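Single-letter residue listing:
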Amino acid sequence: MTTRATDKILRNHQDLKTVLPLISRPLVFTNGCFDFLHRGHVDYLEQAAVFGRTLLVAVNGNDSVRRLDKGPGRPFNDLEDRMAVIAALECVNYVVPFDSDTPISLISKVRPNHLVKGGDWDTGLIVGAAEVLAGGGEVHSIPIRYPVSTSSLAVRIQELGSHKLLLMICRNGEDAEN
C-alpha cells in the first residue's frame, strides 16, 4: 500500500527523470540532512515553498551525512526514514536522495528557478548558486526564526542522559531536575 507521502519520494535518477518534465514551475530546490526534524526545519521548508509551485527537497544519504562529520553516530535516522518524514509535510512536493558531498549534480539536472537554504548560509556560498543565477533563477537564504539544530539537540540529549530525558518527556518538557 502506498500513501501520499510515499508517492512524493523519488528513489532514484530514473524516478526524477520521469517526473521532471511534469513538475510545475517555478521549481524551488533545497537540501539537507534532516536527521531530527524540528520546528526550524518545518518553518524553513514552509517559507521555501512560497517561492514557487513545486518544492523539491534533496536529502543527504547516510554516507553523505557521515562525511559531513555531523557527530558520532550520525545520522541517527536512516535515509528512508528521513525522506518519509520530509515527504509527509504538506509543503513538500517531492523528496529525492543524494549521496555525493554536495547536490550540485542534482541542481544542474533539475535547473530550479529558486535555490533556497537556511539563514546560516550566505547566498554566495550556497552550492549551486552560480549555476542557478546563470540560468536566470534566484538564490535565497531564509532568515532563521527558530534557532535550533539537530546537532545541538543531540548534544543536549547526551548531556541529559537517557534517564533524565525519559523524566523530561514524562513531565511534558519540564527539566528533570525541577
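Residues numbered from 1 in each chain as written. Predicted model: local features only at pLDDT ≥ 70, side-chain atom pairs only at ≥ 80, totals over all residues. Heavy atoms only, no water.

A. Representation of the overall build of the protein in the model. Counting its regular elements, the protein contains eight helices and five strands. When the helices and strands of the protein are listed from N to C terminus, the series reads α-α-β-α-β-α-α-β-α-β-α-β-α. By residue count, 42% of the 178 residues in the protein fall in the buried class. Look at the contacts in the protein between residues 6 or more apart in sequence, and 71% of them connect residues 24 or more apart. (Helix = DSSP H or I, 4+ residues; strand = E, 2+ residues; numbered from the N terminus. Buried < 20%, exposed > 50% of the residue type's maximum accessible area, 1.4 Å probe, protein only. Contact = heavy atoms within 4.5 Å.)

B. Structural view of the environment of Ala-48. Relative to the helices and strands, Ala-48 resides in helix α3 (residues 39–49). Taking the C-alpha atoms as reference points, Ala-48 and Lys-117, separated by 69 residues in sequence, lie 8.2 Å from one another. In this view, Ala-48 contacts Val-28, Leu-55, Val-116 and Ile-142; residues no more than four positions away in its chain are not counted.

C. Focus on the sheet that holds strand β1 (residues 27–32). An order of β3-β2-β1-β4-β5 is seen for the five strands of this open sheet, with the pairing classed as parallel. With one partner strand each, in any of the chains shown, β3 (94–98) and β5 (138–142) form the two edges of the open sheet. The sheet shows a mean angle of 25° between the axes of neighbouring strands, taken without regard to direction. Judged from the five bridges that link them, strand β4 (residues 114–118) and β5 form a sheet pairing that is parallel. Along β5, the bridge assignment pairs Lys-117 with Ser-141. (Pairing = 2+ DSSP bridges. Axes fitted to C-alpha atoms, helices over the stretch in contact; angles between N-to-C directions.)

D. Structural context of the packing of aromatic side chains. In this structure the tally under the stated criterion is one aromatic pair. Ring geometry for Phe-36 against Phe-76: centres 5.0 Å apart, planes inclined by 10°, an arrangement best described as stacked. With Phe-36 in the loop between β1 and α3 and Phe-76 in the loop between α4 (62–67) and α5 (79–87), the pair connects residues that are 40 residues apart, well separated along the chain. Classification of Phe-76 by relative accessible area gives partly exposed; the value is 34%. (Phe/Tyr/Trp six-rings, centres within 6.5 Å; stacked < 30°, edge-to-face > 60°.)

E. Structural detail: the layout of surface pockets. Put simply, the largest pocket is a space of about 780 Å³. If you go around the largest pocket, you meet 36 residues; those closest to its centre are His-41, Lys-70, Lys-117, Asp-120 and Trp-121. Only β1, α3, β4 and α8 (150–170) provide two or more residues apiece to the lining of the largest pocket. Ranked by the residues each element gives to the lining of the largest pocket, the list is headed by α3, at five residues. Looking at the lining of the largest pocket, its residues break down into 15 nonpolar, 13 polar and eight charged. (1 Å grid on protein atoms, 1.4 Å probe; cavity = no way out; pocket = protein on both sides within 12 Å on 5 of 7 lines; lining within 4 Å. Points joined across faces, edges and corners; volume = space filled by probe spheres on them. Nonpolar A, V, L, I, M, F, W, Y, C, P; charged D, E, K, R; others polar.)

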